[in-house]
Each structure stands twice: as structure tokens, then as C-alpha cells.
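Spelled out from the first residue to the last, the chains are:
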Amino acid sequence: MRLFSDYHLHPQGHRLQPYTLELLQPWADHARQIGLRNFALTDHDRYHRGVDFDEIDRLRAANPDLRIRAGIELDNDPVYSAEGRRWVEKNWGRLDFVLGSVHFLRGDWAFDHAGEEAEFARRDIDEVYADYYERIRGMATSGLVDCMAHLDLVKIFGFRPTRDFSDVLDAVLSEIHGANLAMELSTAGWRKPVGELYPSDEIIRRAMAKGIPFTTASDGHSHVQQGENFERLAAKMVELGIGEVSIYERHQRVAVAL
């Protein structure tokens, strides 16, 4: 199996950098180098002012052999994401793909930032997981996303709940299926402290049982992370019996056999 699509990429990284051909072309060059033919630019919604659809069109014209999708990662940032939602609504027709994610928990806590292990240790871990998955359900039912990103990101530092969350996960996955969303398989977890794919094998199997489709993703914040560990991901997909991947154009999902 050879993977050909990466649907979670951040050309701006973690700062506002207006789209230019100079900024974006390395992502096309690297995609071609590693055999990717279809990828989505999905910067965080707090940097939406840097997204320029005309520059994406220029990139497409300069790289006609690639399928380059215009996207965004819609977050629950307490400061910026209300504006991000308005931007997504305004530009829905020019976007191909919207990821939904949760990075903030009770108290406006950016839980996945480096160094937040101490805060995890101070909090009730079961309450943290319950809060996280309730916010995931809200994002899944927002009507503004096509796919859920790194579904169990809350495990990033290796903290695990003490109670069984099977009922919660079933409810979350039912919401995702009911909203006709996909779910990404993200190699980013392999480069984080938890050292695991997002999401876990258990969640993937539950999603498969519900008929939820998958995208493949690296969550690259540099073009050198694009497609990272995709050979390992391909092996995991074979192991789990996943034989197709979802791609998008203007929010229309197409399943492609691998």
C-alpha cells in the first residue's frame, strides 16, 4: 500500500505568514518528491488572514500534476475561533476541506502546548477526558467541518483516564457518523510524547464498525514533516484492514481504493 494524500498541513506554521508562491511551493516540491499527489493546506483558523485563495490558484497553476486543496483547521480557540467560524462561513464556497479540532479545555487551557504535563497532573484526569470529548462532540455537530482531526489528542502526554470511556467514545463516533464526517489518521502522535498514532487502534476499530471514513494526515508544520511516517501508517492501515482513503474537492468526499 502506498499513501498519496496528506490532509493536514500548516504552511504558516505557528505564526501569521501571508500566502505567497514562495511560501507554498516547497510544499508542492516536497509532495512530489515523496510521492504525494493530493494534499490540503489547513492552517489554523487564527491565521486565516494569511490564507489567500488567489495564491493557492497560482500554486495549482504552477503544479498541474498535483491536486492542491484549500482548507482550514477550525479550532475552539477562545480568542480567535469565533472569527474563524465567520471566516469559514463566508469562504465555504472557496474552501475544499475543513478540519475540526479541540485544543482548549476548561479555563481556556491550551492543553497540548509543550510543558503542560504539570497541569495534567494537577487536574482530575477523568474530568479532563470528559471535557475534551464533550467539546469534540460540539465541533462534530457544528455543521462547519468535513473531518475531525487527531481525535484523541488529549492523550498527547500519555495521561490516561482511570474509568472506562467506551460509552463516551461511542457517543462521539455516533455524532461523527451522523454528521457524515471523516476522521483523520494522523502520524503526528508518533512524534509527540505519547508516541502513538492519533487515534488509537481501539478508536479506529470502533470507527470502522460505524462506517466512518478516514483521511491520512501528518499535521506537518514544516514541509519536511509532510507525509512523515506514511510508510508506517500504511502498514498500520493494512494491519487494521483499511483499504481506502478519503479525498475532497469543494467539500465533496470521494473514497479512493489503496
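Note that the structure is predicted; figures quoted are calculated from it, not measured. (Residues numbered from 1 in each chain as written. Predicted model: local features only at pLDDT ≥ 70, side-chain atom pairs only at ≥ 80, totals over all residues. Heavy atoms only, no water.)

A closer look at empty space enclosed by the protein
Right, so step 1: Inspection of every chain in the model, using the stated rule, returns one cavity of 30 Å³ or more.
Right, so step 2: The space that makes up the largest cavity amounts to roughly 40 Å³.
Right, so step 3: The wall of the largest cavity is formed by L105, R106, W109, R123, E127, V128 and D131.
Right, so step 4: When grouped by side-chain class, the residues that make up the lining of the largest cavity number three nonpolar, no polar and four charged. (1 Å grid on protein atoms, 1.4 Å probe; cavity = no way out; pocket = protein on both sides within 12 Å on 5 of 7 lines; lining within 4 Å. Points joined across faces, edges and corners; volume = space filled by probe spheres on them. Nonpolar A, V, L, I, M, F, W, Y, C, P; charged D, E, K, R; others polar.)

A look at a nonpolar patch on the surface
Right, so step 1: Among the surface-exposed residues, M1, V238 and L258 lie close enough to one another that they form a single nonpolar patch of about 250 Å² accessible area.
Right, so step 2: In this structure, V238 sits in helix α8 (residues 230-240). (Patch = residues over 30% accessible without salt bridge, like charges linked within 9 Å, V, L, I, M, F, W, Y side chains within 5 Å. Areas by Shrake-Rupley, 256 points an atom, 1.4 Å probe, with all protein chains shown as cover. Salt bridge = Lys/Arg side-chain N within 4 Å of Asp/Glu carboxyl O. Helix = DSSP H or I, 4+ residues; strand = E, 2+ residues; numbered from the N terminus.)

What to know about the nonpolar core
One recurring pattern in soluble globular proteins is that nonpolar side chains are buried together.
Right, so step 1: Formed by 70 residues in total, the largest nonpolar core has its most connected members in F39, I56, Y132, Y133, M148, L151 and I176.
Right, so step 2: Among the elements that take part in this core, helix α5 (residues 125-140) stands out by supplying eight residues, more than any other.
Right, so step 3: Other than its neighbours up to four places away in sequence, Y132 contacts V102, L105, F111, H150, L151, D152, L153 and V154.
Right, so step 4: Residues F4, Y7, L99 and I247 belong to the second largest nonpolar core, which totals 11 residues. (Core = buried A, V, L, I, M, F, W, Y, C linked by side-chain atoms within 4.5 Å. Buried < 20%, exposed > 50% of the residue type's maximum accessible area, 1.4 Å probe, protein only. Contact = heavy atoms within 4.5 Å.)

Topic: helix α1 (residues 21-34)
A turn of α-helix holds 3.6 residues, and therefore any two residues three or four places apart point the same way.
Right, so step 1: Compared with the 20 Å implied by 1.5 Å per residue over 14 residues, the 20 Å span of α1 between its first and last C-alpha is a close match.
Right, so step 2: All of the buried residues along α1 are L23, L24, Q25, W27, A28, H30 and A31.
Right, so step 3: Against the buried residues of α1 lie β2 (38-41) and α2 (53-62).
Right, so step 4: Immediately downstream of α1, the backbone of G35 shows phi near 90 degrees, a positive value. (Expected span 1.5 Å × (residues − 1).)

Looking at the sheet that holds strand β8 (residues 182-186)
Right, so step 1: Pairing is parallel in the open sheet, where seven strands are placed in the order β1-β2-β3-β4-β7-β8-β9. Two strands lie at the open edges of the sheet, namely β1 (5-6) and β9 (214-217), each paired on one side alone.
Right, so step 2: Of the strand pairs in this sheet, β2 and strand β3 (residues 67-74) are connected by four bridges, and their pairing is parallel. In the sheet register, A40 faces β3, and the bridge partner there is R69.
Right, so step 3: Relative to β3, helix α3 (residues 81-90) is tilted by about 145 degrees, and along the sheet it contacts β3 and β4 (97-100). (Pairing = 2+ DSSP bridges. Axes fitted to C-alpha atoms, helices over the stretch in contact; angles between N-to-C directions.)

With respect to the pairing of β8
Right, so step 1: Burial runs high along β8: five of the five residues are buried.
Right, so step 2: Residues A182, E184 and S186 of β8 are buried on one face, and the alternating residues M183 and L185, pointing to the opposite face, are buried as well.
Right, so step 3: Inspection of the sheet shows strand β7 (residues 147-148) paired to β8 by two bridges, in the parallel sense. Looking across to β8, one finds that M148 is bridged to M183.
Right, so step 4: Handedness of the crossover joining β7 and β8 through helix α6 (residues 166-178): right-handed.
Right, so step 5: Sheet analysis places β8 next to β9, joined by four bridges and oriented parallel. Across the sheet, the residue bridging to S186 is A217, located in β9.
Right, so step 6: Handedness of the β-α-β unit built from β8, helix α7 (residues 201-210) and β9 comes out right-handed. (Right-handed = clockwise from strand over helix to strand, strands pointing away.)

Focus on unusual backbone geometry
Right, so step 1: Looking along the chain, the bond that leaves Y198 and enters P199 is cis, with omega of -10 degrees.
Right, so step 2: One can find P199 in the loop between β8 and α7.
Right, so step 3: For D108, which is not glycine, the phi dihedral falls at a positive 55 degrees.
Right, so step 4: For D108, the position within the fold is in the loop between β5 (104-105) and β6 (109-110).
Right, so step 5: D108 gets classed as exposed once you look at its relative accessible area, which sits at 54%.
Right, so step 6: Of note, the phi angle at R250 is positive, near 50 degrees, even though the residue is not glycine.

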